[in-house]
Amino acid sequence: MWLFNKHSFRPRLRRWYHAWFLPPLFTALLFAGCAVGPNYTPPEATLPLSWNGQPDPGSIRGDADISRWWTVFNDPLLNDLIEQARQGNLDLKTAYARVKEARAQIGVAASQDLPAIEPGGQAIVQRTSEHDIASGGSTDTQYTLNVGVSWEADVFGRIRRSIEAAKADYESTEEDRIDLMISLYADVATYYFDLRTYQAGLDVTVKNIRSQRKVLELTESRFRNGLASGLDVAQAQSVLATSEAELPPLRIQLSQSFNTLAILLGRRPEDLRKDLIYSGALPEFDITAQAGVPIDLLRQRPDIRSSERQLAAAVARVGEATANMYPVFSLSGVIGLVAKDFGNLFKVGSYYYSAGPSLVWTLYKGGQLRSLLKVADAQAEQALYQYEQTLLNALAEVEVAIVTYNEQRRRVEALMRAVAASRKTLDLAISLYKDGLADFQNVLDAQRSMLDNENQLVTAKGDAAISLVSLYKALGGGWDPNEPRSADET
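Quick caveat: nothing in here was measured; it's all calculated off a predicted structure.

Asker: I'd like a description of the confidence of the model for the chain, backed by residues and values.
Answerer: Averaged over every residue, the pLDDT of the chain is 83; the share at 70 or more is 86%. Helix α9 (residues 302-323) holds the highest mean pLDDT among the elements of the chain, 94, whereas strand β1 (residues 4-5) holds the lowest, 32. In this model residues 1-22 is a low-confidence stretch, pLDDT under 50, and it forms 30 contacts with partners more than four residues away in sequence or in other chains.

Right, dumping it as structure tokens:
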């Protein structure tokens, strides 16, 4: 370590200051462009050219415009709920706070590359012992004002690698926020369609209960007139009671959907209920989705982008750990005023200063630095495997979502035919029963089949809509990757 002190080296300082002090500084700056450790290169991903679930009437190849996928359902209330969630969801606000924290960490890392200026001062009163041979019980006062400056020359790139890691962490956190936003929009749509499905199920069940009551009245009338047995009446009552028992579970599920949706929106359930209390139409099930091509996932899915940024941060920390094994060059200095009498503190002769470069090199620390480098290497390896796993999960999610949506469409189409046939069967059974040409058991069977098929159709339509939501979510829909991203948008 080299250190200049004005009081002990004044004659030589004036002559050799510029010749001795500046060359180490210029040497440090010359090597400051070299950063040790690996330079990050994004991994190359080999992806299939198309999805296995295509071609199919439900999902076709083409550029997928999925930034506002919920608009394909043509439901203004759903659009409004999505916007309310964007503004009010508390988890999303928490994620935004994490982004701000990560962005501030960049400033923390970058500050290491700038000089540290530390002004200070003190006033000390000191009394020595009366039995002190040197001073004999004297009392002295000393006033000091000074400004210290220090700066580390980032010769081997430790600070730059730290900044790289902080920036990658920030970008990963921003992608995590977007990923949460995508999941939030999908959850809002899912619970909204669940709610509409339960409401439609209630409507179907209530309608069938009315029909079953009419059949019960018909049976009771025929029984009074001696045209039907008491068994017919009991069976009609049993079917009616069974249908009425279906209502409470549906109301419970409806209440759960209300409350969950309110939480997602950051609202109280009673405030939301007035907007959704009335039944709404189930969404269309025959929407054709454009799934694009697999390579689009690298651009569209924030979880993949976040994982790639985490890998970049881990590689930067390998460089940071490598730089810790090299010397640290720094410059430091202090200038100030010292006086025993405060009145003399600001006089010309009261000033002092010291300045000089320093070198610190930890050659041995029990193997700690080398072990930390191994830790960083292992963490980077884990980040690479995690990136590959995230990519595989994304491909699988899209494939499953495409197949699920296509099969749900087919199921809805089949159930629509089943419901039409059930209605025709029930009308014929009642007509024949009135005319005494058919047994009452035919009416009961037709009623059960009608209610079951209609309930299945309602559920299938809701499932089809939710499966389309899942497809858009798997594709990374809900934001535009081509637009500049800013956490301020929340």
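Asker: So what's going on with empty space enclosed by the protein? Residues and values would help.
Answerer: Under the counting rule described, the total for this entry stands at 1 cavity of 30 Å³ or more. Each pocket or cavity is described by its volume, and for the largest cavity that value is around 60 Å³. Around the largest cavity, the lining residues are Glu152, Ala153, Asp154, Val155, Phe156, Gly157, Arg158, Ala323, Tyr326, Pro327 and Val328.

Asker: So what about the packing of aromatic side chains? Which residues, and what values?
Answerer: Counting across every chain of the model gives 8 aromatic pairs. Plain terms: the ring middles of tryptophan 69 and tryptophan 70 are 5.4 Å apart, the flat faces sit at 80° to each other, and that makes the pair edge-to-face. One aromatic cluster is present, built from ring pairs that chain together Trp69, Trp70, Tyr185 and Tyr472. Geometry around tyrosine 433 places arginine 222 over its ring, the cationic atom sitting 4.5 Å from the centre.

Asker: A description of the pattern of salt bridges should follow, citing residues and the corresponding values.
Answerer: Tallying each qualifying case throughout the model produces 17 salt bridges. With its nearest N and O atoms 3.3 Å apart, the salt bridge here joins glutamate 454 to arginine 423. Placement of the pair is glutamate 454 in helix α11 (residues 440-474) and arginine 423 in helix α10 (residues 368-434), with a sequence separation of 31 residues. Judged by relative accessible area, which is 3%, glutamate 454 ranks as buried. Look at arginine 423 and you get partly exposed, because its relative accessible area is 41%.

Asker: Give me the packing of helix α4 (residues 158-224) against helix α6 (residues 247-265): which residues, what numbers.
Answerer: Where α4 contacts α6, the axes come no closer than 9 Å and their chain directions differ by 155°. The orientation of α4 with respect to α6, classified from their angle, is roughly antiparallel. Taken as a pair, α4 and α6 cross one another with a handedness that is left-handed. When the residues that make up the contact of α4 with α6 are grouped by side-chain class, the tally is 16 nonpolar, 6 polar and 3 charged.

Asker: Talk me through the environment of threonine 144; I want residue IDs and the actual numbers.
Answerer: Here threonine 144 shows up in strand β4 (residues 139-153). Owing to a relative accessible area of 7%, threonine 144 belongs among the buried residues under this scheme. The spacing of threonine 144 and alanine 339 is 195 residues in sequence and 6.8 Å in space, taken between C-alpha atoms.

Asker: Tell me what's going on with the nonpolar core, and back it up with residues and numbers.
Answerer: The biggest cluster of nonpolar side chains holds 71 residues, and the ones touching the most others in it are Phe73, Val188 and Phe193. Of all the secondary-structure elements, those providing two or more residues to this core are α2 (76-88), α4, α5 (230-244), α6, α7 (269-276), α10 and α11. Not counting residues up to four positions away in its chain, the partners in contact with phenylalanine 193 are Phe73, Leu78, Leu282, Pro283, Ala465, Ile466 and Val469.

Asker: Talk me through a nonpolar patch on the surface; I want residue IDs and the actual numbers.
Answerer: Together, Ile117, Val147, Val149 and Ile335 give the surface a local cluster of nonpolar side chains, amounting to about 340 Å² of exposed area. Counting through the fold element by element, valine 149 comes out in strand β4. In this structure valine 149 comes out as partly exposed when scored by relative accessible area, which is 37%.

Asker: I'd like a description of the pairing of strand β6 (residues 328-339), backed by residues and values.
Answerer: By the bridge criterion, 11 bridges tie β4 to β6 in an arrangement that is antiparallel. Along β6, the bridge assignment pairs alanine 153 with phenylalanine 329.

Asker: So what about helix α3 (residues 90-110)? Which residues, and what values?
Answerer: Here α3 spans 31 Å end to end across 21 residues, near enough to the 30 Å set by a 1.5 Å rise per residue. Those residues of α3 lying buried are Leu92, Ala95, Tyr96, Val99, Ala102, Ile106 and Ala109. Viewed end-on, α3 has its buried residues packed into an arc of 130°, placing them on one side of the element. Lining the buried residues of α3 we find α2 and α4. A distance of 3.1 Å separates the backbone nitrogen of aspartate 91 from a side-chain oxygen at the start of α3, and that oxygen is part of asparagine 89.

About the cut-offs
Residues numbered from 1 in each chain as written. Predicted model: local features only at pLDDT ≥ 70, side-chain atom pairs only at ≥ 80, totals over all residues. Heavy atoms only, no water. pLDDT = per-residue confidence, 0-100. Helix = DSSP H or I, 4+ residues; strand = E, 2+ residues; numbered from the N terminus. Contact = heavy atoms within 4.5 Å. 1 Å grid on protein atoms, 1.4 Å probe; cavity = no way out; pocket = protein on both sides within 12 Å on 5 of 7 lines; lining within 4 Å. Points joined across faces, edges and corners; volume = space filled by probe spheres on them. Phe/Tyr/Trp six-rings, centres within 6.5 Å; stacked < 30°, edge-to-face > 60°. Lys NZ or Arg CZ within 6 Å of the ring centre and 35° of its normal. Salt bridge = Lys/Arg side-chain N within 4 Å of Asp/Glu carboxyl O. Buried < 20%, exposed > 50% of the residue type's maximum accessible area, 1.4 Å probe, protein only. Axes fitted to C-alpha atoms, helices over the stretch in contact; angles between N-to-C directions. Parallel < 35°, antiparallel > 145°, perpendicular 65-115°, else oblique. Left-handed = near helix turned anticlockwise from the far one by under 90°. Nonpolar A, V, L, I, M, F, W, Y, C, P; charged D, E, K, R; others polar. Core = buried A, V, L, I, M, F, W, Y, C linked by side-chain atoms within 4.5 Å. Patch = residues over 30% accessible without salt bridge, like charges linked within 9 Å, V, L, I, M, F, W, Y side chains within 5 Å. Areas by Shrake-Rupley, 256 points an atom, 1.4 Å probe, with all protein chains shown as cover. Pairing = 2+ DSSP bridges. Expected span 1.5 Å × (residues − 1). Arc of directions from axis to C-beta. Polar contact = N/O pair within 3.5 Å; in protein donor to acceptor, adjacent residues only side chain to side chain.

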